[in-house]
Amino acid sequence: MPPKKKARVSKSATDSGKADDGGAVGGKRKAAASVESGKKKESSESPQYCHWLMKSEPESRFENGIDVKFGIEDLKALPDQTGCWDGVRNYQARNFMRQMKEGQLAFFYHSNCKEPGIAGIIKIVKESYVDHTQFDKKDVHFDASSKPDNPKWSMVDVQYQRMLKRFVPLSELKKYHLQHKAKGGPLKDMALFTRARLSVQPLTTEEFDFVLSLEDAEPL
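A brief look at the structure comes next.

Parameters and conventions
Residues numbered from 1 in each chain as written. Predicted model: local features only at pLDDT ≥ 70, side-chain atom pairs only at ≥ 80, totals over all residues. Heavy atoms only, no water. Helix = DSSP H or I, 4+ residues; strand = E, 2+ residues; numbered from the N terminus. Buried < 20%, exposed > 50% of the residue type's maximum accessible area, 1.4 Å probe, protein only. Contact = heavy atoms within 4.5 Å. Pairing = 2+ DSSP bridges. Axes fitted to C-alpha atoms, helices over the stretch in contact; angles between N-to-C directions. Core = buried A, V, L, I, M, F, W, Y, C linked by side-chain atoms within 4.5 Å. Phe/Tyr/Trp six-rings, centres within 6.5 Å; stacked < 30°, edge-to-face > 60°. Lys NZ or Arg CZ within 6 Å of the ring centre and 35° of its normal. Expected span 1.5 Å × (residues − 1). Arc of directions from axis to C-beta.

### Quick look at the overall build of the protein chain
- Secondary structure assignment for the protein chain yields six helices and eight strands.
- Reading the protein chain from its N end, one meets helices and strands in the order α-β-β-β-α-β-α-β-β-β-α-α-β-α.
- With 220 residues in all, the protein chain has 50% of them scored as buried.
- Considering only contacts within the protein chain whose residues lie at least 6 apart along the sequence, 76% involve residues at least 24 apart.

Spelled out as structure tokens, the structure:
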């Protein structure tokens, strides 16, 4: 059974189309899967990713009287340091979650807060399954158009792994992105800047490894 307290994802800061950095949204890379319906549709041309970036809000924000706050410390405090990543209501973000495999790693990204950025590392411990909050009328993520016999939305379970040795802020990542975009480098096409609105984003191995290396580097 999933824990009573579940991971919450900010729709207003991510999936609704507002970017954390105020930058342009809408990269040229193809979505990993079709967004036509609630059923998973894969394309043979879709790239297969094995690393991810997942956004959630570490500061209190209320929707319909419910606090959607969920930072990495909240995940760490759950039983087995594990929670379900519910509330994703964007088809492309949902499709990325449907690609996730057990054991893959993701960055836990703090969004819609005073200093957005990457706080730590989490692991996918249960592959995608039906997000029950879409059917709960009392939940802020209730979707009246989704039916039990044809659910639209999925979620995964994630487990806390560790904090980064230092918090890597969005402002620093953006500097590297601009440098790499101009001169070449692993972050030149990073989805955090080319598809900024998404609360669940893919990372190439090169992107993941470079960002991870920053925890041992002096802030830019």
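### Points about the sheet that holds strand E6 (residues 117–130)
- Taking strand neighbours across the sheet as the criterion, the six strands line up as E4-E7-E6-E5-E1-E8 in an open arrangement whose pairing is mixed. Lying at the two open borders of the sheet, with one neighbouring strand each, are strand E4 (82–84) and strand E8 (200–203). Taking each pair of neighbouring strands and ignoring which way they run, the sheet shows an average axis angle of 35 degrees.
- Contacts from helix H3 (residues 91–99) reach strand E1 (51–56), E6, strand E7 (154–169) and E8, with the element oriented near 95 degrees to E7.

### Topic: the nonpolar core
- Judged by nonpolar contacts, the single largest core of 23 residues is most densely connected at Met54, Trp85 and Val200.
- Elements that contribute at least two residues to this core include exactly E1, helix H2 (72–77), H3, strand E5 (105–110), E6 and E7.

### Some remarks on the pairing of E6
- One ladder, built from six bridges, connects E5 with E6; its direction is antiparallel. Looking at the pairing, Tyr109 lines up with Ile118 of E6.

### What to know about the environment of Val211
- When you line up the elements, Val211 lands in helix H6 (residues 205–213).
- Overall, the relative accessible area of 0% leaves Val211 in the buried class.
- Considering only alpha carbons, one finds Val211 and Phe107, 104 residues apart in sequence, at a separation of 9.4 Å.
- Ignoring sequence-local partners within four residues, the contact set of Val211 consists of Phe107, Ile118, Leu173, Leu187 and Met190.

### Quick look at the packing of aromatic side chains
- Following the criterion strictly, the structure yields seven aromatic pairs and no others.
- Centre to centre, the rings of Tyr49 and Phe96 are 6.3 Å apart; their planes meet at 85 degrees, and the pair counts as edge-to-face. Of this pair, Tyr49 sits in the loop between helix H1 (11–15) and E1 while Phe96 sits in helix H3, and the two are 47 residues apart along the sequence.
- In this structure Tyr49 comes out as buried when scored by relative accessible area, which is 11%.
- Seen from their ring centres, Tyr176 and Phe210 are 5.2 Å apart, and the 75 degrees between their planes marks the pair as edge-to-face. A residue pair is termed long-range when its members are at least 10 positions apart, and Tyr176 in helix H4 (residues 170–183) and Phe210 in helix H6 qualify at 34 residues.
- The cationic tip of Lys126 hangs over the ring face of Tyr129; the distance from NZ or CZ to the ring centre is 4.0 Å.

### A look at H4
- For H4, built from 14 residues, the straight-helix expectation of 20 Å at 1.5 Å per residue is met to within 8% by its first-to-last C-alpha distance of 20 Å.
- Looking only at H4, the buried set comprises Leu170, Glu172, Leu173, Tyr176, His177 and His180. Within H4, the buried residues cover an arc of 155 degrees as seen down the axis, which keeps them to one side. The exposed residues of H4 that point more than 90 degrees off its buried face are Ala182 and Lys183.
- Buried residues along H4 sit in contact with E5, E6, E7, helix H5 (191–194) and H6.

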